[in-house]
Amino acid sequence: MAYTYDDQNIFAKILRGEIPNDTVLETDHSLAFNDIRPQAPVHVLVIPKGAYVNYDDFARNASDAEILDFTRAIGEVCKMKGVETDGFRTISNAGQHGVQEVPHLHIHILGGRPLGRMLQQG
């Protein structure tokens, strides 16, 4: 089942200023903010300002300027948060099997401690 974009999702509301956020970085095409329920000492979400459901939607349909800006924003957040030295994890969930909860592309940047294996055996 493919997701469709819902302009009432929490990230769309954050982009419209209807819900506050703890902004880390804002660019022309991207917004990065601290997660409200962090799973690591560093847990930042980076979202495009455009209405993209998930990463494959973004990769297929975003403009070159949006893709460049989003990618550079992720790199800048890693630098700002100091996780590039010891390492970090980026996660983007997509669809039902990927356990995507919000139908707006978002990248989790997690770091600040050892994170363990990405997937458990099973």
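Residues numbered from 1 in each chain as written. Predicted model: local features only at pLDDT ≥ 70, side-chain atom pairs only at ≥ 80, totals over all residues. Heavy atoms only, no water.

### Structural notes on the overall build of the protein chain
Across its full length, the protein chain carries three helices and five strands. Counted from the first residue to the last, the protein chain has its helices and strands arranged as α-β-β-β-α-α-β-β. By residue count, 39% of the 122 residues in the protein chain fall in the buried class. Accessible surface, the protein chain as shown: approximately 7,700 Å² in total, 50% of it carbon and sulfur. Positive and negative side-chain charges in the protein chain, numbering 11 and 16 respectively, have mean positions lying 6 Å apart. (Helix = DSSP H or I, 4+ residues; strand = E, 2+ residues; numbered from the N terminus. Buried < 20%, exposed > 50% of the residue type's maximum accessible area, 1.4 Å probe, protein only. Areas by Shrake-Rupley, 256 points an atom, 1.4 Å probe, with all protein chains shown as cover. Lys, Arg positive; Asp, Glu negative; His and termini not counted. Charge placed at Lys NZ, Arg CZ, Asp CG, Glu CD.)

### Regarding the pairing of strand 5 (residues 107–111)
Summarising burial for strand 5: five of the five residues are buried, a large majority. Across the two faces of strand 5 the burial is the same, with Ile 107, Ile 109 and Gly 111 and His 108 and Leu 110 all buried. When strand 3 (residues 42–48) meets strand 5, the two strands line up antiparallel, connected through five bridges. Residue pairing for strand 5: Val 46 is matched across the bridge by Ile 107. In this structure, strand 4 (residues 88–91) lies alongside strand 5, joined through four bridges in antiparallel fashion. Across the sheet, residue Ile 91 finds its bridge partner in strand 5, namely His 108. (Pairing = 2+ DSSP bridges.)

### Brief notes about the layout of surface pockets
Taken as a whole, the largest pocket encloses approximately 770 Å³ of empty space. Every residue lining the largest pocket is counted, 27 residues in all, and those nearest its centre are Asp 35, Arg 37, His 43, Leu 45 and His 108. Here the lining of the largest pocket is composed, by residue class, of 14 nonpolar, seven polar and six charged. (1 Å grid on protein atoms, 1.4 Å probe; cavity = no way out; pocket = protein on both sides within 12 Å on 5 of 7 lines; lining within 4 Å. Points joined across faces, edges and corners; volume = space filled by probe spheres on them. Nonpolar A, V, L, I, M, F, W, Y, C, P; charged D, E, K, R; others polar.)

### What to know about the packing of aromatic side chains
If you walk through the whole model with that rule in mind, you get four aromatic pairs. Between Tyr 52 and Phe 58, the ring centres sit 5.2 Å apart and the planes meet at 80 degrees, which makes this aromatic pair edge-to-face. Accessibility expressed as a relative area gives 10% for Tyr 52, which makes it buried. These aromatic residues form a ring-pair network of at least three members: Tyr 52, Tyr 55, Phe 58 and Phe 70. (Phe/Tyr/Trp six-rings, centres within 6.5 Å; stacked < 30°, edge-to-face > 60°.)

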